[in-house]
Amino acid sequence: MGHKDQAIDFLKMILDGKINEAYAKHVDMRGKHHNAHTPAGFAALKQGMRENDGLFPHKQFELKKVVEDGNQVVTHARLVLKPGELELAVVHWFHFEGDKITELWDLAQPVQKDGVNQDGMF
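Because the structure is a prediction, the values reported are computed rather than measured.

What counts, and where the lines are drawn
- Residues numbered from 1 in each chain as written.
- Predicted model: local features only at pLDDT ≥ 70, side-chain atom pairs only at ≥ 80, totals over all residues.
- Heavy atoms only, no water.
- Helix = DSSP H or I, 4+ residues; strand = E, 2+ residues; numbered from the N terminus.
- Rg over C-alpha atoms; globule rule 2.2 N^0.38 Å.
- Contact = heavy atoms within 4.5 Å.
- Areas by Shrake-Rupley, 256 points an atom, 1.4 Å probe, with all protein chains shown as cover.
- Lys, Arg positive; Asp, Glu negative; His and termini not counted.
- Charge placed at Lys NZ, Arg CZ, Asp CG, Glu CD.
- Axes fitted to C-alpha atoms, helices over the stretch in contact; angles between N-to-C directions.
- Parallel < 35°, antiparallel > 145°, perpendicular 65-115°, else oblique.
- Left-handed = near helix turned anticlockwise from the far one by under 90°.
- Polar contact = N/O pair within 3.5 Å; in protein donor to acceptor, adjacent residues only side chain to side chain.
- Buried < 20%, exposed > 50% of the residue type's maximum accessible area, 1.4 Å probe, protein only.

> Please explain the overall build of the chain as it appears in this structure.
Within the chain one finds three helices and five strands. The order of helices and strands in the chain, counted from the N terminus, is α-α-β-α-β-β-β-β. Its C-alpha atoms give the chain a radius of gyration of 14 Å, within 12% of the compact-globule value 14 Å for 122 residues. Seen along its three principal axes, the alpha-carbon backbone of the chain occupies a region of about 40 × 30 × 25 Å. Across the chain, every contact between residues at least 6 apart in sequence was considered, and the portion connecting residues at least 24 apart equals 40%. When the accessible surface of the chain is totalled, it reaches about 7400 Å², and 51% of it is carbon and sulfur. Of the side-chain charges in the chain, 15 are positive and 18 negative, and the distance between the mean point of each set is 3 Å.

> What exactly am I supposed to notice about the packing of helix 2 (residues 19–26) against helix 3 (residues 42–55) here?
Axis angle and axis distance: for two packed helices, these are the angle between their axes and the distance between the axes, and together they describe the pair. Where helix 2 meets helix 3, the closest approach of the two axes is 10 Å, and the angle between their N-to-C directions is 150 degrees. It follows from the interaxial angle that helix 2 and helix 3 lie roughly antiparallel. The element helix 2 and its partner helix 3 pack so that their crossing is right-handed. Counted together, I19, N20 and Y23 of helix 2 and F42, L45, K46, M49, R50 and D53 of helix 3 form the full contact between these two elements.

> How do you make sense of the environment of H26 when you look at a structure like this?
Mapping H26 onto the fold places it in helix 2. H26 sits 25 residues away from E51 along the chain, and the two C-alpha atoms are 19 Å apart. Discounting chain neighbours no more than four positions away, the residues touching H26 are M1, Q6, D9, F10, M13, D99, K100 and I101. Within polar-contact distance, the side chain of H26 engages the side chain of D9 at 2.7 Å.

> Sorry, what's going on with the side chain of H92 here?
Looking at where H92 falls in the secondary structure, it is placed in strand 4 (residues 86–97). Under the relative-accessibility criterion, H92 is labelled buried at 11%. Look past the residues within four positions of H92 in its chain and what remains in contact with it is L11, V73, V74, T75, L104, W105 and D106.

The following block contains the structure:
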């Protein structure tokens, strides 16, 4: 399984609520993440993802683009946390060492229904 496939599998497992399994399969827990809303360390991010899964059980995720360059994978996706209420454009940037994610950046921006750019966010 290439890094691109690993990143996609990780995200799908997370969205399916298989958070513990996703981390066991794909993450080096000694690595780090850069989510500004979560304390340092993958253990804290994993806990935050479990809490998020409980808060938004009907979330929807649509992968739009995936780019792989060596040991880096970047994804661009549409994430709907609450259908009809909260929709986000999300970018995940994965760094792999071997077959494990060792660093992760995630950025999100609310999708504006009345934005001035007619090309949209996707």
